[in-house]
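Reading the structure
One-letter residues, chain by chain:
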Amino acid sequence: MNIKLLIIQKHIYLFLLLFSLSYFFLSTNNAFSKNLKIENIEISKKFDEKFNRDKVIDEGFNLAFKELISMLVQSQDQSKIKNITLENIKILIENFSIKEEKFLNNMYYVSLDVEFSKRKIFSLLEKKNVFPSLPKKKKVMFIPILIDEEKNDIVLFSESKIYNNWIKNNDKKDLLEYILPNEDLEDVNIIRENYSDLEDYDFNDIIKKYSLKSYIISLFYKNSKKVRVLSKVNLNNRLILDNQYFDNYNSEDEINNLIKVTKIRFNDLWKKENQINTSIKLPLIITVDLNDNKKIEDFEKIVDELDLVSNFFISKIDNKKVYYTLIYNGTPKAFINSIENFGHKIDFKNKIWNLQ
């Protein structure tokens, strides 16, 4: 084989390698820019001489950002992000769509879906010294028991405004979906029989009827001066005891405020269970057999599902392997467990992880 032909083949090989690398870079960056989507932002404005459609859309961006932050950040940290300008919010947006738009009776109605870059949002929160949580929804069994301390008696579910108003006061920003018990006479009798030691009773006889592993049991002790709320919270196979105090329980507004504050507290406990420490930046190099297209496709899909991956790209390709560089906001053990949950093994050699 002559020298000129060898040189041409070498250049073709390098061209194809660079082209493949560029293609993988582009496709991977697109595929793995996992977004955080806020749906059904609804706005209505009067259609008059002052009407400005762009300003209405901007208002939608503000509302979507506030909703996202309320889902990602515990209530005590949300004030750290309240002064973000509209211009900066727009930088965080990857995409948006208008689902519905109409004019009716001199009113303008619009419904928006807004997608935010998870990477940019997490970077912003890290700069504000705020650790975000994964916005996971969860069904939970909720048993609210109202105890009248002055009458030494339990208020039946149907007669309790907490029970009756709990679902009415739903907010789409809530991550917890509450399943309340039916007013089963057997359940009421069980509660009455254990009146003297409700704080120690495990409520398993009631909980097991609803086939939910996660539950919250709240005891609302009320008298003429205050309400004490003792909650047994089990959201992630870990029992937490939580106490709250309220001054009043008289008007409808006061009861609804009690419900609102208590729900915020429960949401914060769930966010804490799913909190991400973005200050942990574990760099990993993972190799996959270049000739195994199925394994490459599987691995990229797996990474797309891993919420703790903050960055991901192809750093090298040789004639045998594809080298992925991945930044993981967790421990090596957590990463290995995540990969194994998808049915794959990881082999570690010379600071490089190889997907088996």
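So, here's what we can say about the structure. (Residues numbered from 1 in each chain as written. Predicted model: local features only at pLDDT ≥ 70, side-chain atom pairs only at ≥ 80, totals over all residues. Heavy atoms only, no water.)

**What to know about the side chain of D113**
Defined as follows: For the purposes of this entry, the term helix denotes a DSSP run of H or I that reaches at least four residues, the term strand denotes a run of E that reaches at least two, and both are numbered from the N terminus. Only protein chains enter the area calculation, which uses a 1.4 Å probe; residues under 20% of their type maximum are buried, those over 50% are exposed, and those in between are partly exposed. Two N or O atoms form a polar contact when they lie within 3.5 Å of each other; inside protein one atom must be a possible hydrogen donor and the other a possible acceptor, and for residues adjacent in sequence the pair counts only when both atoms belong to side chains. Contacts between residues were defined by any pair of non-hydrogen atoms, one from each residue, lying within 4.5 Å.
The topology assignment puts D113 in strand 3 (residues 107-117). For D113, a relative accessible area of 6% corresponds to the buried category. Looking at D113, its side chain comes within polar contact range of the main-chain nitrogen of N40, at 2.9 Å. Beyond its immediate stretch of four places on either side in the chain, D113 contacts K37, I38, E39, N40, N95, F96, S97 and K99.

**Focus on the environment of K260**
Mapping K260 onto the fold places it in helix 8 (residues 252-273). With 94 residues separating them in the primary sequence, K260 and W166 have C-alpha atoms 8.8 Å apart.

**As for unusual backbone geometry**
Even without a glycine there, the phi angle at N152 is positive, about 55°. On the basis of relative accessibility, which here comes to 56%, the residue N152 falls in the exposed class. Of note in this structure, N237 is not a glycine but carries a positive phi near 60°. Residue placement: N237 occurs in the loop between strand 8 (227-234) and strand 9 (239-246).

**Overview of helix 9 (residues 293-305)**
Quick reminder of the rule: By this rule, a helix spans an expected 1.5 Å times one less than how many residues it contains. When we speak of the arc, we mean the arc of directions from the helix axis to the C-beta atoms.
Given a rise of 1.5 Å per residue, 13 residues ought to cover 18 Å, and the 19 Å separating the end C-alpha atoms of helix 9 matches this to within 8%. Regarding helix 9, the residues found buried are K295, I296, F299, E300, I302 and V303. Across the axial projection of helix 9, the buried residues extend over an arc of 160°, all falling on one side. In helix 9, the exposed positions angled more than 90 degrees off the buried face are occupied by N293, K294 and K301.

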